[in-house]
Amino acid sequence: MTTRSGAALAQATSLLAGQTPATAHTGLTGVTVSWPASAFASGAAAPAYVVTRYNTLTGSPSAATGTCAGSVAATSCTEPSVPIGVWRYTVTPVDGAWLGAESPQSASITVV
Amino acid sequence: MTRRTRRQRAAQRGLAALVFGVLVGAGALADAAWTSSDTGNAYAGATTEAAVSIGDASASTTPDLYPGATGTAYIKVTNPNPFPVTVVSVTGNGAITSDQGAACDASTGVSFTDQTGLSGTVGAGATTTLSLPGAVSMDNSSANACQGAVFTIPVTVGVSS
């Protein structure tokens, strides 16, 4: 046997963008957020999402709470106590340190 | 004129026989060695075998790596010889880099699993891109900048002819 040095190659895929979420009231101040699954360009499903809530008046983002907090390994979650205001939501696919593009904002939902 | 004794002539005849025997023996060995190279199993002993070369397989890669996944490595082998060769092993031998620069190279999250027991045939005078499914994996330390990256994995390729 002889040996030769060289290089093998491999290639990474990429995370596609999140898709626009839908929202619904849950109880007096709760909001349920749901969204279509996202994927990698290779076709594999995105393993998790980060949910962000935006104040429609200021445009400021807030970290979601409840089951929407942190990295969500599902395609729906619930914030049980959303502050009074008018809000929009986005979802961002994540995998480790990889981030997909943030989804468009949902329709606004008002919590009173 | 030198006059040799009977003992000297006998010794001279013995030396001549010894030299003849050595020459005949050496010739037989040389002939046996040539036969081995010329007709041996799949040219294994041929001393004129040209080295295979490892080329750029970028035209063949498939983007299948992501954090938590295994993927396929590709290696392009050119065999200049008039007989086939077999790639029997591919082992990693250096740091893995990417085409995305430092932002990805600082933490590719990619590792290569040495491959042995392979049987990748490269035909006579042919160039073949061999795929090694499951040879690479990516963990969650992969930087966001590594999305879509092509990774270069230094390897040593074992070739049998």
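The rules behind the values
- Residues numbered from 1 in each chain as written.
- Chains lettered and ligands numbered in written order.
- Predicted model: local features only at pLDDT ≥ 70, side-chain atom pairs only at ≥ 80, totals over all residues.
- Heavy atoms only, no water.
- Helix = DSSP H or I, 4+ residues; strand = E, 2+ residues; numbered from the N terminus.
- Rg over C-alpha atoms; globule rule 2.2 N^0.38 Å.
- Pairing = 2+ DSSP bridges.
- Axes fitted to C-alpha atoms, helices over the stretch in contact; angles between N-to-C directions.
- Polar contact = N/O pair within 3.5 Å; in protein donor to acceptor, adjacent residues only side chain to side chain.
- Contact = heavy atoms within 4.5 Å.
- Buried area = accessible area lost by both parts, 1.4 Å probe.
- Salt bridge = Lys/Arg side-chain N within 4 Å of Asp/Glu carboxyl O.
- pLDDT = per-residue confidence, 0-100.
- Core = buried A, V, L, I, M, F, W, Y, C linked by side-chain atoms within 4.5 Å.
- Buried < 20%, exposed > 50% of the residue type's maximum accessible area, 1.4 Å probe, protein only.

Draft legend 1. Examining the overall build of chain A more closely. Of regular secondary structure, chain A possesses zero helices and ten strands. For chain A, the N- to C-terminal ordering of α and β elements is β-β-β-β-β-β-β-β-β-β. Its C-alpha atoms give chain A a radius of gyration of 18 Å, clearly above 13 Å, the size a compact globule of 112 residues would have. Considering only C-alpha atoms, chain A reaches an extent of 75 × 25 × 20 Å along its principal axes.

Draft legend 2. Here's a closer look at the sheet that holds strand β2 (residues 22-26) of chain A. Residues and elements named next belong to chain A. Taken together, the three strands give an open sheet; going across it, the order is β2-β3-β7, and neighbouring strands pair in antiparallel fashion. Looking at strand neighbours, the two that pair on one side only are β2 and β7 (76-79), the edges of this open sheet. Strand-to-strand, the axes of this sheet are offset by a mean angle of 20°, without reference to chain direction.

Draft legend 3. Seen up close, the side chain of E79(A). Residue and element names in this part refer to chain A. Considering the arrangement of structural elements, one finds E79 in strand β7. Engagement of the side chain of E79 in a polar contact is seen with the side chain of R53, the distance being 2.8 Å. Every residue in contact with E79, bar those within four places of it in the chain, is listed here: T29, G30, V31, R53, A63, A64, T65, C68 and Y89.

Draft legend 4. Focus on the environment of A95(B). All names here are of chain B. Considering the arrangement of structural elements, one finds A95 in the loop between β4 (85-92) and β5 (97-98). Spatially, the C-alpha atom of A95 lies 8.7 Å from that of T152, the residues being 57 residues apart in sequence. With near-sequence residues (within four places) excluded, A95 lies in contact with T152 and P154.

Draft legend 5. Summary view of the interface of chain B and chain A. In this assembly, 42 residues from chain B lie in contact with 23 residues from chain A. Summed over both sides, the interface between chain B and chain A buries roughly 2,700 Å², with carbon and sulfur atoms accounting for 55% of that surface. Summed over the three residues of chain B that lose the most area to chain A, namely P63(B), Y66(B) and Q147(B), the buried surface amounts to 21% of that side. Taken together, the links from chain B to chain A amount to zero salt bridges. Inspection of the region where chain B meets chain A yields 18 residue pairs in polar contact (both at pLDDT 80 or more).

Draft legend 6. Main features of the confidence of the model for chain B. Residues and elements named next belong to chain B. Mean pLDDT over chain B: 79, with 70% of residues reaching 70 or higher. pLDDT under 50 marks residues 1-7. Its contacts with residues more than four places away, or in other chains, come to three contacts. Across residues 13-47 the pLDDT falls below 50, and counting only partners more than four positions away or on other chains, this stretch makes nine contacts in the model.

Draft legend 7. Broad picture of the nonpolar core. Core analysis: the biggest nonpolar cluster contains 51 residues, and V51(A), I75(B), F112(B) and F151(B) have the highest contact counts within it. Among residues more than four places away in sequence, those in contact with I75(B) are A7(A), A8(A), I54(B), A57(B), V90(B), T128(B), T129(B), L130(B), V155(B) and V157(B).

Draft legend 8. Expanded view of the pattern of salt bridges. Residues and elements named next belong to chain A. Within this structure, the stated rule accounts for one salt bridge over all chains. In this structure, the salt-bridge partner of E79 is R53, at a minimum N-O distance of 2.8 Å. Of this pair, E79 sits in strand β7 while R53 sits in strand β4 (residues 48-55), and the two are 26 residues apart along the sequence. Residue class for E79 comes out buried when judged on its relative accessible area of 0%.

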